[in-house]
Amino acid sequence: MTNFVEKISRHIVKWCSGNELPEEETEVLVYGYCLLLENVYKLVFLLLVALFTGTLWQSLLILGSLVLLRSFAGGVHCTTSLGCTAIMVAVWGLGLVVSWIEIPVPVLILMTVVIVWTILRYAPQCTANNPITDPLIRKRKRIGAIVVMIILLAGGIVAYIQWNRHEILNMVLTSMLVEAFSILILVEKEEKDYEDDKPEEGSSKAW
């Protein structure tokens, strides 16, 4: 399945840009399209379930907020497709649960602070296997992550204050907080891997 998705992704990149892109940028785009295509069937499945359960607009908001921010900000990835599907279902379910409760304002403020700090401090966050070394691509993704964050937060806050739709803000913040935790987990993982790979002091021999 992965090889098939990768072939399709390469065809898309080639069709959109020809052979004019450098190899590094091509690989970044291929990787991005692979993630997108691999998640399409999961999104379709969840949206069909949402349609039959009468939670379509809530599901669109929950998953749309997560996927849109994640496409720019990055974050940790599951090692298997099944694990990724399980996480997506869990986020979807959590988003629906919080839409039915009223979260205290101090908690909403704390969630917002964690999200804003994480995005401004770490986005975009990529894995060591798929680094973004091109400064221009990194800059574009960072700007995109910040813009998306502002739009989502502003929309949720306006809905909460103007129309008293607390469920909208709850769902948006929950999706964004999951993405923030995804980034923080990846930061911790990469730092640990870096420490593990560092040679111990004094272990090198003088020749």
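Conventions used here
- Residues numbered from 1 in each chain as written.
- Predicted model: local features only at pLDDT ≥ 70, side-chain atom pairs only at ≥ 80, totals over all residues.
- Heavy atoms only, no water.
- Axes fitted to C-alpha atoms, helices over the stretch in contact; angles between N-to-C directions.
- Helix = DSSP H or I, 4+ residues; strand = E, 2+ residues; numbered from the N terminus.
- Parallel < 35°, antiparallel > 145°, perpendicular 65-115°, else oblique.
- Left-handed = near helix turned anticlockwise from the far one by under 90°.
- Contact = heavy atoms within 4.5 Å.
- Nonpolar A, V, L, I, M, F, W, Y, C, P; charged D, E, K, R; others polar.
- Expected span 1.5 Å × (residues − 1).
- Buried < 20%, exposed > 50% of the residue type's maximum accessible area, 1.4 Å probe, protein only.
- Salt bridge = Lys/Arg side-chain N within 4 Å of Asp/Glu carboxyl O.
- Patch = residues over 30% accessible without salt bridge, like charges linked within 9 Å, V, L, I, M, F, W, Y side chains within 5 Å.
- Areas by Shrake-Rupley, 256 points an atom, 1.4 Å probe, with all protein chains shown as cover.
- Phe/Tyr/Trp six-rings, centres within 6.5 Å; stacked < 30°, edge-to-face > 60°.

Participant: Hey, could you run me through the packing of helix H3 (residues 56-73) against helix H6 (residues 135-163) in this one?
Facilitator: Each pair of packed helices can be described by the angle between their axes along with the distance between the axes. Viewed as axis vectors pointing N to C, H3 and H6 meet at an angle of 155°, and their least axial separation amounts to 7 Å. With respect to H6, the element H3 is oriented roughly antiparallel. Crossing angle aside, the handedness with which H3 passes H6 is left-handed. Here H3 contributes Ser 65, Leu 68, Leu 69, Ser 71, Phe 72 and Ala 73 to the contact with H6, which in turn contributes Arg 140, Lys 141, Gly 144, Ala 145, Val 148, Met 149 and Leu 152. In the contact of H3 with H6, the residues fall into 8 nonpolar, 3 polar and 2 charged.

Participant: Explain helix H4 (residues 81-99) to me, please; I cannot follow it from the model alone.
Facilitator: In an α-helix, one turn spans 3.6 residues; hence positions three or four apart end up facing the same way. Between the first and last C-alpha of H4 there are 27 Å, a value that for 19 residues agrees with the 27 Å anticipated at 1.5 Å per step. Listed in full, the buried residues belonging to H4 are Met 88, Val 91, Trp 92, Gly 95, Leu 96, Val 98 and Ser 99.

Participant: Just checking my understanding: could you explain the side chain of Glu 179 for this structure?
Facilitator: For Glu 179, the position within the fold is in helix H7 (residues 166-197). Its relative accessible area of 1% is what places Glu 179 among the buried residues. Setting aside anything within four residues of it in sequence, one finds Glu 179 in contact with Leu 66, Leu 69, Arg 70, Ala 73, Gly 74 and Gly 75.

Participant: Please clarify how the pattern of salt bridges should be interpreted in this entry.
Facilitator: Should their charged atoms come close, side chains of opposite charge can pair. Scanning the model with the defined rule gives 2 salt bridges in all. In this structure, Glu 179 engages Arg 70 in a salt bridge whose closest nitrogen and oxygen atoms are separated by 3.2 Å. Residue Glu 179 is located in helix H7, and its partner Arg 70 is located in helix H3; the two are separated by 109 residues in the primary sequence. For Arg 165, the salt bridge goes to Glu 167, with nearest N and O atoms at 2.4 Å. In this structure Arg 165 comes out as partly exposed when scored by relative accessible area, which is 33%.

Participant: How do you make sense of a nonpolar patch on the surface when you look at a structure like this?
Facilitator: Together, Leu 36, Val 40, Val 44, Leu 48, Leu 51, Phe 52, Leu 56 and Leu 60 make up a nonpolar patch on the protein surface, roughly 760 Å² of accessible area in all. Looking at the nonpolar patch, the elements that each hand over two or more residues are helix H2 (23-53) and H3. Counting residues per element, the nonpolar patch draws most heavily on H2, which supplies 6 residues. One can find Leu 48 in helix H2.

Participant: I keep staring at the packing of aromatic side chains and nothing clicks. Help me out?
Facilitator: We describe a pair of aromatic rings using the distance from one ring centre to the other and the angle between the two ring planes. Tallying each qualifying case throughout the model produces 1 aromatic pair. Seen in terms of ring centroids, Trp 117 and Tyr 122 are 5.6 Å apart; in terms of plane orientation they differ by 85°. Their pairing is edge-to-face. Taking the relative accessible area as the measure of exposure, Trp 117 reaches 46% and is therefore partly exposed. By relative accessible area, which is 18% here, Tyr 122 ends up buried.

Participant: Just to check I follow, could you spell out H3 for this structure?
Facilitator: For H3, which comprises 18 residues, the first-to-last C-alpha distance of 25 Å matches the rise-based estimate of 26 Å (1.5 Å per residue) to within 8%. Every buried residue of H3 is listed here: Gln 58, Ser 59, Ile 62, Leu 63, Ser 65, Leu 66, Leu 69 and Ala 73. Just downstream of H3 lies Gly 74, where phi reads positive at about 75°.

Function cannot be read off these values alone, since they describe shape.
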